[in-house]
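These are the residues of each chain, in order.
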Amino acid sequence: MPNITQAMLEEALAYGRTFTSQGKTAQYIPYLRHVDRDLVGISVQTADGQRLSAGDAQTRFTVQSIAKVVALALALQDRGEKYLFSGRVGLEPTGDPFNSIIRLETDKKPYNPFINAGAIAVVGAIKGRTGTEKFERLFRFFEKLCGSKGISLCGEAYLSERETGDKNRALAYHLKATKMLEGDVGENLDVYFRMCSLYVTAEDIAHLALVLANRGVDPVTGERLMAAEHARIIRALMVTCGMYEGSGEFAVKVGFPSKSGVGGGIASAMLDRMGIGVFGPALDGRGNSVAGIAMLEYLAKAMDIRLF
Ligand code: GLN
């Protein structure tokens, strides 16, 4: 495998830039409508200590669905995989959009932890007497995984999520009615809205991806942040469900376990090698960053790494 170089990142960035005009920022969350769609950033952190960035890698954006990875890791730590996957959420991809409600009526258990219904059920399983306690635990864990003390809540995005979150409310109440959601619906939803509204940078999510790639250990501090088995489960789910109904095409094009968010970020974990964070708020019709996918595709080819 050729080593990753700054020149490769700059080339990936230039290639990614040519795609931004093909996408739109998420229109259904008012805060995201007004984000500059031409921003593009990339960051790579390797297990042996290389850290490279290019473009808008330090620009803050909202983490959105990438937070579902953190919620899942915490719920796995709190409750174990048996409890979580037998009773709360499945392990199967869907061909439906991330906020779809259609299968909840026939199948009850949300298909996987990365669609909204699944993530809300996962939030329900996180330990904490109140929503605030759950969120504080999640937030501290989130900071550790990102290797950053600079994580904060984007108040404007949070208000936006709350104002326009009726589809997520419908999912949560449906889950409650079928006994798939533990605890208070409003408090769980609030944790969900908050976690989606956390500000991160491409560098932060590259670090999160690096911990997943490094089997749960932060190579910078040497600290184990999650069980190796949990990191493995999460990487597998990132391959099958991380890019929603675009996961199949993405596996063919890129093939790294990855998780996207409608803020424009994608966290990509290459086992034992590196974490990559890409950012570009212009999205395709499935809610995945167009420039982000293009940059990952470019790097996969340039580094000649194919998982499949
Ligand atoms: N906050 C967003 C929502 O719930 C997250 C979705 C996403 O990033 N795909 O709709």
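Residues numbered from 1 in each chain as written. Predicted model: local features only at pLDDT ≥ 70, side-chain atom pairs only at ≥ 80, totals over all residues. Heavy atoms only, no water.

### Concerning the sheet that holds strand E1 (residues 41-46)
Backbone hydrogen bonds hold the strands of a sheet together, and the pairing may be parallel or antiparallel.
For step 1, the next point in the chain: What the 5 strands build is an open sheet, ordered E2-E1-E8-E7-E6; its pairing is antiparallel. The open sheet has two edge strands, strand E2 (51-55) and strand E6 (258-260), and neither has a second partner. Strand-to-strand twist across the sheet, computed as the mean angle between neighbouring axes with direction ignored, equals 10°.
For step 2, the next point in the chain: The sheet contact formed by strand E7 (residues 265-270) and strand E8 (residues 274-279) spans 6 bridges and is antiparallel. Bridge pairing links Ala267 to Gly277 in E8. (Pairing = 2+ DSSP bridges. Helix = DSSP H or I, 4+ residues; strand = E, 2+ residues; numbered from the N terminus. Axes fitted to C-alpha atoms, helices over the stretch in contact; angles between N-to-C directions.)

### Focus on the packing of helix H8 (residues 166-177) against helix H9 (residues 185-196)
For step 1, the next point in the chain: The contact between H8 and H9 brings their axes to 10 Å, and the two run at 140°. Between H8 and H9, the crossing angle belongs to the class labelled oblique. Remark: the crossing between H8 and H9 carries right-handed chirality. In contact with Asn168, Arg169, Ala172, Tyr173 and Lys176 of H8, H9 contributes Val185, Leu189, Tyr192 and Phe193.
For step 2, the next point in the chain: In terms of residue class, the contact of H8 with H9 is made up of 6 nonpolar, 1 polar and 2 charged. (Parallel < 35°, antiparallel > 145°, perpendicular 65-115°, else oblique. Left-handed = near helix turned anticlockwise from the far one by under 90°. Contact = heavy atoms within 4.5 Å. Nonpolar A, V, L, I, M, F, W, Y, C, P; charged D, E, K, R; others polar.)

### Here we look at the pairing of E2
For step 1, the next point in the chain: Sheet topology places E1 next to E2; 5 bridges connect them, and they run antiparallel. Of the residues in E2, the one forming a bridge with Gln45 is Arg51.
For step 2, the next point in the chain: In this structure, the hairpin formed by E1 and E2 is closed by a connection of 4 residues, where Gly49 is found at a positive phi of approximately 100°.

### So, the pattern of salt bridges
For step 1, the next point in the chain: The tally for this structure, following the rule as stated, stands at 14 salt bridges.
For step 2, the next point in the chain: For Asp96, the salt bridge is made with Arg103, and the minimal N-O distance between the two is 2.3 Å.
For step 3, the next point in the chain: Given a relative accessible area of 30%, Arg103 falls into the partly exposed group.
For step 4, the next point in the chain: Salt-bridge contacts for Glu133 lead to Arg129; the nearest nitrogen and oxygen are separated by 2.8 Å.
For step 5, the next point in the chain: Judged by its relative accessible area of 28%, Glu133 falls in the partly exposed class.
For step 6, the next point in the chain: A single network of salt bridges, built from pairs that share partners, joins Arg79, Arg88 and Glu182. (Salt bridge = Lys/Arg side-chain N within 4 Å of Asp/Glu carboxyl O. Buried < 20%, exposed > 50% of the residue type's maximum accessible area, 1.4 Å probe, protein only.)

### With respect to the packing of helix H1 (residues 6-17) against helix H13 (residues 290-302)
For step 1, the next point in the chain: Close contact between H1 and H13 brings their axes to 8 Å; oriented N to C, the two are set at 140°. The angle between the axes of H1 and H13 places the two elements in the oblique class. As for the relative orientation of H1 and H13, their crossing is right-handed in sense. Across the interface between the two elements, Met8, Leu9, Glu11, Ala12, Leu13, Tyr15 and Gly16 from H1 touch Ala291, Ala294, Met295, Tyr298, Leu299 and Ala302 from H13.
For step 2, the next point in the chain: Of the residues that constitute the contact of H1 with H13, the class distribution is 11 nonpolar, 1 polar and 1 charged.

### Some thoughts on the site of the ligand
For step 1, the next point in the chain: The environment of the ligand is formed by Tyr28, Gln64, Ser65, Phe98, Asn116, Glu161, Asn168, Tyr192, Cys196, Tyr244, Gly261 and Val262.
For step 2, the next point in the chain: Between Tyr28 and the ligand, the recorded distance is 2.7 Å, taken from a side-chain N or O atom to an oxygen atom.
For step 3, the next point in the chain: Interatomic distance of 3.2 Å between a side-chain N/O atom of Asn116 and an oxygen atom of the ligand.
For step 4, the next point in the chain: In isolation the ligand exposes 300 Å². Once the protein is present, 99% of that is buried.
For step 5, the next point in the chain: Split by residue class, the shell around the ligand holds 6 nonpolar, 5 polar and 1 charged. (Near = heavy atom within 4 Å. Polar contact = N/O pair within 3.5 Å; in protein donor to acceptor, adjacent residues only side chain to side chain. Areas by Shrake-Rupley, 256 points an atom, 1.4 Å probe, with all protein chains shown as cover.)

### Looking at the environment of Leu212
For step 1, the next point in the chain: Following the sequence through the fold, Leu212 ends up in helix H10 (residues 202-213).
For step 2, the next point in the chain: By relative accessible area, Leu212 is classed as buried at 1%.
For step 3, the next point in the chain: In sequence terms Leu212 and Ser268 are 56 residues apart; their C-alpha atoms lie 9.0 Å from each other.
For step 4, the next point in the chain: Those residues in contact with Leu212 that sit more than four places away from it in its chain are Val69, Met226, Ala231, Ile234, Arg235, Met238 and Ala269.

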